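Each chain, letter by letter, is given below.
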Amino acid sequence: MALIEFENFSFRYPKQKNALSNINLNVSPGEFVLLCGPSGSGKTTLLANIKNEIKPVGDSEGTIYYDGVDIRNLEEERSASEIGFLFQNPEDQFVSDNVLQEIAFSLENMGLSTGEIRNRVAEMAAFFGLDKHLYRNVSELSGGQKQLVNLCSLLVLKPKLLLLDEPTSQLDPIAAYDFLSILRRLNEEFSITIMATEHKIDNLFPFIDKAVFLEDGFIKYRDEPRRICSEAWKNNIFRNYLPSVTRIHFLLQSKYQSPNKVEIPLNIREGRRYLSLLDNQLNGIPRAQLNGGLKLNEDLNSQNSLDKHSKVLMECKDVWFGYVKEHIVLKGIFLQVKQGEFLSMLGGNGTGKTTLLQILSGLLKPQKGKVIHGKNLTLGYVHQNPLIHFRQKTVEEELMELSAEFGEDESRSTGFLGFLSEPSSSKPDDSSSDGSVSEQEREELIDLFGLSELLGKHPYDCSGGEQQKIAIAKALLTNPDILFLDEPTKGIDPVSKLQLADKLKKLQENGLTIVMTTHDIEFAAQYTERCVLLFDGGLQVDDTPKSVFSNNNFYTTFVNRMVKDYLPDCITLEGVKEQWMIKEIKFCI
Amino acid sequence: MKLTIIHPAVYVIYYLLLVILAFLYNDPYYMISFLICVSALIMLQGISREFKNVIQFFIPMSLLIIILNPLVAQVGTTRIYVLGSYFITLEALVYGILMSLSLLIILLLFASYNRAVSYQEMLYLFSKRFPHISMIIVMALRFIPLLSYRLTEVNKISRFNQENQGNQKTESRVDKIKKTAQMLAVVVSWSLEESMLTAKSMKARGYGIMKRTSYLSYKLRKIDYLFILVISATTLICTMGLANGFGRIEIYPTLHFSVHESMFNPYYFSFLFLLLPLIYLEFKERLIWH
Amino acid sequence: MDYLTLGSWIVAFIVMIGVILAFFRIFEKSKPRVEHLVLIAILVAISILGSLPTAAIPGVQAASFIIIMTGIVFGRETGFITGVLTPLVLGLFLGLGYWTILQMIGWGLMGLTAGIFQVKLEENRYLRAGFGFAWGFFYGWITNISMLLFLSSVTLTSVLGVYIASAPFDLLHGVTNAVLLILFFGLFERIFKRIRDRYINSPDGEAKSLNKQ
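Reading the values: the criteria
- The numbering scheme is per chain: residues are counted from 1 as the chain's sequence reads.
- Chain labels run from A onward and ligand labels from 1 onward, assigned in the order the entries are written.
- Local features are withheld for residues below a pLDDT of 70 in this predicted model, meaning they are given only at 70 or higher, and side-chain atom pairs are given and counted only at 80 or more; totals for whole chains, interfaces and linings count all residues.
- Values reported for side chains reflect all heavy atoms of the structure, with hydrogen atoms and water molecules removed beforehand.
- Any two strands are treated as partners once DSSP identifies two or more bridges connecting them.
- Comment: elements are numbered from the N terminus, with helices defined as DSSP H or I runs of at least four residues and strands as E runs of at least two.
- Here a residue-residue contact requires only that any non-hydrogen atoms of the pair lie within 4.5 Å.
- Axis geometry follows a simple rule: fit a line to the C-alpha atoms, using only the stretch in contact for helices, then measure angles between N-to-C directions, giving values from 0 to 180 degrees.
- Joining through side-chain atoms within 4.5 Å is the link that ties buried Ala, Val, Leu, Ile, Met, Phe, Trp, Tyr and Cys residues into a set, and such a set is a nonpolar core.
- When a residue's accessible area, from a 1.4 Å probe over protein chains only, is under 20% of the maximum for its type it is buried; when over 50% it is exposed; and in between it is partly exposed.
- Domain borders in the structure are assigned automatically or taken from a domain database.
- Any carboxyl oxygen of Asp or Glu within 4 Å of a side-chain nitrogen of Lys or Arg constitutes a salt bridge here.
- Accessible-area loss on putting two parts together, using a 1.4 Å probe and summing over both, is the definition of buried area adopted here.
- In the analysis that follows, any N or O atom pair within 3.5 Å is treated as a polar contact, provided that within protein one partner can donate a hydrogen and the other can accept it, and provided that, for residues neighboring in sequence, both atoms belong to side chains.
- Following the grouping adopted for this structure description, the nonpolar residues are Ala, Val, Leu, Ile, Met, Phe, Trp, Tyr, Cys and Pro, the charged ones are Asp, Glu, Lys and Arg, and the polar ones are all others, Gly among them.

Colleague: Give a description of the sheet that holds strand 1 (residues 4–12) of chain A that names residues and reports values.
Modeller: Residue and element names in this part refer to chain A. The 4 strands are arranged 2-1-4-5 in an open sheet whose pairing can be described as antiparallel. The open sheet is flanked by strand 2 (18–27) and strand 5 (69–70), the only strands paired with a single partner. Pairing of strand 1 with strand 2, which is carried by 6 bridges, proceeds in the antiparallel orientation. Note on strand 2: the bridge partner recorded for Arg-12 is Asn-18. Contacts from helix 1 (residues 43–50) reach strand 1, strand 2 and strand 4 (59–66), with the element oriented near 120° to strand 1.

So, in C-alpha cells, the structure goes:
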C-alpha cells in the first residue's frame, strides 16, 4: 500500500491561479522520490501540503492519503512525529542556542519523559557523531553541521516520511555531498521514505527510485530515473535538469550508434563504461580534428583571454586578514584584477573566499598589506544573501532609491552600460551617462534582467533567483567598473542560473569586470575566464578554468570526470559538443 | 563548564535569603565578614568579567548613596556644619557608607548567582508554569548573536554604499543616527521575515500540540536536603539574633557603636555558618578538578 | 534598614513580581500562536541589540524606541510582554540583579501604555514625540527606585534628590526616544505592519510566503 497517495489533488492560493493541478502520485514505503522543476512550479507547495501543520492557506480539491488516512484527518501527534519536514535554510530552523537543546526540542514538544528524551538524543548523537558538538553554540557550526542538526532534530521523532525542501541548496558541494550520503543511508538502511526537492541532482539521481518533474503545477514527467531521462531530454527546459553524464550520453547517442543497447548512465562509473563501448568510434575522430585547427585555436583563445585584459584595475599586495590571532584566514595574498575579465574564486568552506571578496571590494580592511586601485573606480557589491540590500516597499522603489540620494558630483570615464543605448559600445564620454545611470539606462537594465513584471512586488516576495537579479541590477545602477558577487548561484534553479549567466556574460562583453566567489564548479568552468583557487589562506592556483580543472582529478566538473580519458582538457558540455562536433537538437514541443 | 552542585531552586532560595540579610545587617563587623565571604565565593567561582561590571556599576552608585543620604536625611543628632548654618549629620553619613557596603555585597551576590545558576536551569524552574514565555526567552537568546552578525554585515554594506555612491561628506550626529536606524530597519525587516520560517519549523516539529516536557531534570538529592537543613537552622538563629539586636547597630537618632563590643556570640557564628556551605562546596570542587 | 521599611520593600517587590507573573499567566492562557512567540522573541532580541554596549551601533539606546513601536503596532499585550522580557533576557546575558525587576516594570509599562494609546499615537506625531519624551523620564523614575532602597528615609526630599541626580540621563533618553519616534516611525511602522498583516492577523498571510520557493 502506498504511504502517500495524491488523488486528483489541486491547490490554489487565494486569488491566484492553480499552484497545483490534478496531481496523482503514489509513494510507496521506503521510496526515495525526487521532485524537480523551475521556481514556481509547485514543488514546495506540494511538499507543504503533506504536512498539516504548515500547509499553505488556500483552496484545495482532491485528497491526499497518508497510510490510508485522509491526511487532513491525521492526528496531530502522528503528523508531527511521523512526517518530518526539513527547510532549505539551515539558519532559520533553529530555536535554541545549543545543539543539545535543539535536538531535544522536538522530543520535548511530544511530551516524552526526560529518560526517553535522553535515550533518543544519545542514540542520534552517536549515530551522527555529534556527541562532541552537543554543548556547542549553534552559531559556531558550519552550514553542513547546522543542516545535520536540523535533520537530527527530526529523526529523533522516528519519522516514517521525510519531506526535504532543497535541503542542500545553501551548502557547499562537499557538505551537500555528505548530507546526501546520509539521506541515502537513511533510505537504504532504515527504509525511511524520502521526498525531496533539489536543483543540483548529479549526486542524487543515481540512487533515487522515482523522479517527478513539475511544470506550472502539473506533473510533467513521473518515472524511474533512467526512463525519465529519455523523456525529459526531449524537453528544452527539463533537459537542463538532467545529470551531466546523462546529457553527454544523449549528445553522443544522437551522433554515434552504440553497438548494443545500453542502459542510460546516471553516474560517472556508468558513464565511463558507456564511453568505453564507443571507444572505437570516439578514437576514430581524426586526430587532426581533435588536436588540429580547432584545438589550436582554442588554446590561443584561452591564452588570449588571460592576456587580452592587460589593464590592471585593482591589485592586492600581501594581504593578511584574520578575526583572531590563532586563526588567520588570509596569509599574504597577491592578486590582480584586470579590466574586463570575469574572475571566479573557488575553494572549500572557510578558506576565505568571502573574506577576500570583501577585502577587494573594500567592505573589510586588511590587517596587513594593501589593496591598490585607481582613484575614480566605482565598485558594486552583491552579498550572499540579497535580502541585505533591500529596504524599500517595492522592487521599483528599490531600483529608484539611488537617484534620490545620488548627487551628480562625480565624473568617470568608463560606462559599460553605454552599450545599452549605443549599440557600437563605444565609450560614452558625454557627461550624461557619468555617475549614476540615466533614466533610460535604468529602463534598459530592468529590461535586461526581466524585472519589469516584478516592479510592483515587495522584494521579499520574489523568488531567490529574482532577488539575486534585483540585487545585481541595483548594484549596477551606480555604474560600477567592477562588480563583486558573493555566491550568486546559491540556491537558484538551473534555468534561472542559465539566464543569470547569460546576463553576466553580456555585461562582461561590454566592458564590465566581474569578480565572484562560487562553489559551483560547473558555473565557473563554463562562464568565467580565470579561476583562482584558495587554500590554506593563500592562492593555490590562478589560471584559466580549463587548465585549473583539467589538472584536477577530484575537484573538477562532472563532465571532465567523465570524458577525462578522451578529452582531458574538456570541462564543459559545450566543450564536449565542440570537440566531438555534435549538434544539439532542439526539440520542438 | 559549570558543575551543578545543588538543585537550582535551592540556589535561588539561598541567594534570595542572603540578599535580604544583606539589607538587614548593618553592624560593620557583620558586613565586613559578609563581604569577605562573598568575595571568597566569587574568587572560587572564578569571575573576572562580571567583577569588572560590578565595580563599574558600584562606584557611581555608592558615591551617590554616600552623598545623597546626608543631604536628604537630617535626622541625626551629631551635626557637622558644612556651609554656614547648613549641616549634615554624622549619622546619615555613616548610614550612607554602610548602605553602600550593602549595595556592594548585593551586587557581588548577584554576580555570584549569575555564575552559579545557568540560564537553562533558571528556565527549567520557570518553564513548568510558563512554557511559552520560556520558549520566547530561549529563542531571543538564540537570535541575539544571529542578529548581531546580520547587523555587522548590514553595517559593512552601508559603509560600502556610502563610499561608492559618492556622498562622503562629513556627517553630523543626526546623519549618524539616521544611518544607524536605517541599518537597524534592514536587520529588523530581514529578521522578521526569516523568523516566520522559524515559526513554521517549530510547528512542523509539533510545538504546542501537547504539554512540553524538558530534557533537563533535577531531583532533590541528599546534599540538597542537608543544605536546606543547614541554611534554615542558621537562618532561624540569625533571625533570632537580629530580633535581639545582634548584627544591627543603632544609627538614628544617635550613632551608637563601640569597637570593643565582643563579637563572639552564637549568633555571629551561626551567621558565618550560613555563609560557609557554598564556599565549602565550591572549594571542594576546586580541589577535585584542579 | 529597619524591619518595617524592609518589610514594605519586600512586599512591594513581591507585588511587582506578582503583577508580572499574572500577566505571564494571562499570556500563557491566551494560547498564543507560534508566529506570535517568534515575533516577540525577535523583537526582544532587536531591542537588546539596540541597548547592548558591544553592539555594532554605538550611542543610540534603541530599546525604548523598539518597545514603543511594538506597543503601537502590535498592541498592548505584545508591547508589554516584549517590554518585560527585554531586560530579563538582557539580564541573562549580562547578569541579573534586583534592578532587573524594576526595568521589567518600566519597559513593560512603556509597551503597555503605547499599546493602550495605540490609535492616538499612530495619528499624531507630536503626541508620539511627547509620549517618547515623557517615557524617558518615567522609565528613569521607575528604575530609580533601586536607589531609594539605600536611602535612610523615603521622603519627598530624598526622592527629589535621586531624581534630580538622574535627570540628565532621563533627558537624554527622552530626547533620543522623541527624535527616533519623529524620524523613523514611518519606516518601522511599515516594516512591523507588513509582518502583522501577513503573519499575525490574517491566516491568509502564510499562503504567499510558501509560494516563493
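Colleague: Can you tell me about the nonpolar core, naming the residues and giving the values?
Modeller: Counting 227 residues, the largest nonpolar core has Phe-34 of chain B together with Leu-85, Phe-188 and Phe-192 of chain C as its most contacted members. Two domains each provide a minimum of three residues to this core, namely domain 1 (8–123 + 217–289) and domain 2 (142–204) of chain B. Apart from residues lying up to four places away in sequence, Leu-85 of chain C is in contact with Ile-133, Ile-136 and Ile-137 of chain B together with Phe-24, Ile-40 and Val-44 of chain C. The next biggest cluster of nonpolar side chains, apart from the first, holds 85 residues, and it includes Phe-94, Leu-162, Leu-183 and Leu-186 of chain A.

Colleague: Talk me through the pattern of salt bridges; I want residue IDs and the actual numbers.
Modeller: If you walk through the whole model with that rule in mind, you get 38 salt bridges over all chains. Ionic pairing is found between Arg-185 of chain A and Glu-189 of chain A, a salt bridge with its closest N-O pair at 3.7 Å. Pair noted here: Arg-185 of chain A and Glu-189 of chain A are both in helix 6 (residues 173–190), with a separation of 4 residues, about one helical turn. A relative accessible area of 36% places Arg-185 of chain A in the partly exposed class. Residue Asp-197 of chain C is joined to Arg-196 of chain C by a salt bridge in which the shortest nitrogen-to-oxygen separation is 3.3 Å. A relative accessible area of 39% means that Asp-197 of chain C is categorised as partly exposed. Because the salt bridges share partners, they merge into one network encompassing Asp-67, Arg-78, Glu-82 and Lys-160 of chain A.

Colleague: Which residues make up the interface of chain B and chain C, and what are the values?
Modeller: With 69 residues of chain B in contact, the opposing surface of chain C contributes 69 residues. In total, chain B and chain C occlude about 6,400 Å² of area from one another, counting both sides; carbon and sulfur atoms represent 80% of this. Our enumeration of links across chain B and chain C arrives at 2 salt bridges. Residue Arg-194 of chain C pairs with Glu-193 of chain B through a salt bridge whose shortest N-O separation is 2.8 Å. Remark: the boundary between chain B and chain C carries 7 residue pairs in polar contact (both at pLDDT 80 or more). Listed by contribution, the elements that provide at least two residues to the side of chain B that touches chain C are helix 1 (8–24), helix 3 (49–72), helix 4 (90–116), helix 5 (119–127), helix 6 (131–164), helix 7 (173–204) and helix 8 (222–243) of chain B. Counting residues per element, the side of chain B that touches chain C draws most heavily on helix 7 of chain B, which supplies 22 residues. In the side of chain B that touches chain C, the residues fall into 47 nonpolar, 14 polar and 8 charged.

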